[in-house]
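# Results of the structural survey
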Amino acid sequence: MGEGLDRLLEGRRLSPVQRRIARYLNDHLAEAVFLSSVELAERAGVSQPSVTRFATSLGFAGYPELRQALRPFVVSERPLSRANDLQTAIDAEIENLRSVRDRLADPSVIAELGAALAGCQPLPVLGLRVSSGLATTFAYFARRIHPDVRLLTHGGSELADGLDAARRAGAAWLVAVVLPRYPAEAVRALRGARELGLRTAVITDRRDVPFEADVILDAPVGERLVFDAHTAPLALAMVLVEAMADAAPLRTRARLEEYERMIDRAGVFTGNRPGTASPPASAGNARTR
């Protein structure tokens, strides 16, 4: 729906006749805001009094006031147009991000987990099949602020060896990315990690997943395209890295400053020439790749 109409209808229960009016406004908002109540009634297939009652049910004195309230959402710098399928898929991703944002109103769970992971050495990170990409990204950035991150993206005996070695080296936690369609080997690895005595923190798409974990960080995946979009899980993973950085600010600052000096000397990136100083990094706010 148009942004203004959507806001007006939020939380309201409409009668069948009112739904017909709302549907017409939704489908033809750019045109409807210039119609009279009689014209709108005719095109929506309802009576003129029904249009008036619809407007008053939304808190307006009559339809002219409702029409006036909706016009700014049509007559603007950006013409209103119906979204195509690709735009709708992106809209769904925006909603997924918004749901993650809303749950971060209470950041205590993330903060507590970040502190636990910051103090866990080594820190194993698991991701198999499609989840390996997000696990790799998480591990890449976590290594910038953590002294010993061990990435596990291969299954079989190599995965079992990696979990066992991490536990014997002192690991207390396993961070795992397990996204649909939930690889059976990843689920078995979670079970095995817990049997070894590791606590498990899992980034996944929903809370009611078919496996157990000590902490579940859920962020919905996009399902409007041929393959899932992992925008929200990626954002959540980066929030977790941020929480780890904030939990050990002195170490974070030292490691990031050391890293910046290294990439300047080596000319790792085109924007960093040897001998060119970088701005000093600060814990929780330093930005590096």
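Attention in this report is confined to the structure presented alongside it. Predicted, not measured: the structure shown is a model, and the values here were computed from it.

Definitions and cut-offs
Starting afresh in each chain, residues are numbered from 1 along the sequence in its written order. Local features in this predicted model are restricted to residues whose pLDDT is 70 or higher, and side-chain atom pairs enter the listing and the counts only when it is 80 or higher, whereas totals over whole chains, interfaces and linings include all residues. Values shown for side chains rest on all heavy atoms present in the structure; no hydrogens or waters enter the calculation. Axis lines are fitted to C-alpha atoms, over the contacting stretch for helices. Their N-to-C directions set the angle, which ranges from 0 to 180 degrees. Put simply, DSSP marks the helices as runs of H or I at least four residues long and the strands as runs of E at least two long, and each gets a number from the N terminus on. An angle below 35 degrees is read as roughly parallel, one above 145 as roughly antiparallel, one from 65 to 115 as roughly perpendicular, and any other as oblique. Should the near helix be turned anticlockwise from the far one by less than a right angle, the crossing is termed left-handed; should it be turned clockwise, right-handed. In what follows, residue pairs with any heavy atoms lying within 4.5 Å of each other are defined as contacts. Gly is placed with the polar residues, together with every amino acid not listed as nonpolar (Ala, Val, Leu, Ile, Met, Phe, Trp, Tyr, Cys and Pro) or charged (Asp, Glu, Lys and Arg). A carboxyl oxygen of Asp or Glu within 4 Å of a side-chain nitrogen of Lys or Arg is what we treat as a salt bridge. A 1.4 Å probe rolled over the protein chains alone gives each residue an accessible area, and that area as a share of the maximum for its type sets the label: buried under 20%, exposed over 50%, partly exposed in between. Here, strands pair whenever DSSP counts at least two bridges between them. If you view a crossover with the strands going away from you and the path from the first strand over the helix to the second runs clockwise, you call it right-handed. Here is the rule: rings of Phe, Tyr and Trp (six-membered ring for Trp) pair when centre to centre is within 6.5 Å. Planes less than 30 degrees apart are stacked, more than 60 are edge-to-face, and the remainder are tilted. In this scheme, Lys NZ or Arg CZ marks a charge over a ring once it lies within 6 Å of the ring centre and within 35 degrees of the ring normal.

Closest axis-to-axis distance for the helix H9 (residues 131-145)/helix H12 (residues 231-247) pair is 10 Å, and the angle between their directions is 20 degrees. With respect to their mutual orientation, H9 and H12 come out roughly parallel. The way H9 lies across H12 gives a crossing that is right-handed. Residues Leu134, Thr137, Phe138, Phe141, Ala142 and Ile145 of H9 touch H12, and the partners they reach there are Pro233, Leu234, Ala237, Met238, Leu240, Val241, Met244 and Ala245. When its residues are assigned to classes, the contact of H9 with H12 shows 13 nonpolar, one polar and no charged.

Here we take up the pattern of salt bridges. Under the definition given, this model contains 12 salt bridges. Note that Asp205 is salt-bridged to Arg206, the shortest N-O span being 3.9 Å. On the basis of relative accessible area, Asp205 is assigned to the buried category, the value being 11%. Residues Asp218 and Arg207 are paired through a salt bridge, measuring 3.1 Å at the closest nitrogen-oxygen approach. Placement of the pair is Asp218 in strand E5 (residues 215-218) and Arg207 in the loop between strand E4 (199-204) and E5, with a sequence separation of 11 residues.

This part takes up the environment of Ala142. The residue Ala142 is located in helix H9 in this model. The sequence separation of Ala142 and Ala237 amounts to 95 residues, and the corresponding C-alpha distance is 9.9 Å. Excluding its chain neighbours within four sequence positions, the residues that come into contact with Ala142 are Val149, Val241 and Met244.

All right, on to the pairing of strand E1 (residues 123-127) then. Buried residues dominate E1, accounting for five of its five residues. Because side chains alternate across E1, one face comprises the buried residues Leu123, Val125 and Gly127, and the other comprises Pro124 and Leu126, equally buried. The pairing of E1 with strand E2 (residues 149-152) spans four bridges and is classified as parallel. In the strand pairing of E2, Pro124 is matched with Arg150. Note on the crossover from E1 through H9 to E2: the handedness is right-handed.

Strand order in the open sheet formed by five strands is E2-E1-E3-E4-E5, with parallel pairing between adjacent strands. Each having just a single partner strand, E2 and E5 make up the two edges of the open sheet. Taking each pair of neighbouring strands and ignoring which way they run, the sheet shows an average axis angle of 20 degrees. Sheet topology note: the E4/E5 ladder contains four bridges and is parallel. What sits directly across from Val202, in E5, is Ile216. Packing of helix H11 (residues 184-195) onto the sheet brings it into contact with E1, strand E3 (173-177) and E4, and relative to E4 it is tilted by some 155 degrees.

Another point: the packing of aromatic side chains. With the rule as written, the count across this model stands at two aromatic pairs. Arranged with centres 5.9 Å apart and planes meeting at 75 degrees, the rings of Tyr182 and Phe211 form a pair that is edge-to-face. Here the residue Tyr182 occupies a position in the loop between E3 and H11, and Phe211 occupies one in the loop between E4 and E5, the gap between them amounting to 29 residues. You can call Phe211 buried: its relative accessible area is 8%. Positioned over the ring face of Tyr140 is Arg144, at 4.4 Å from the centre of the ring.

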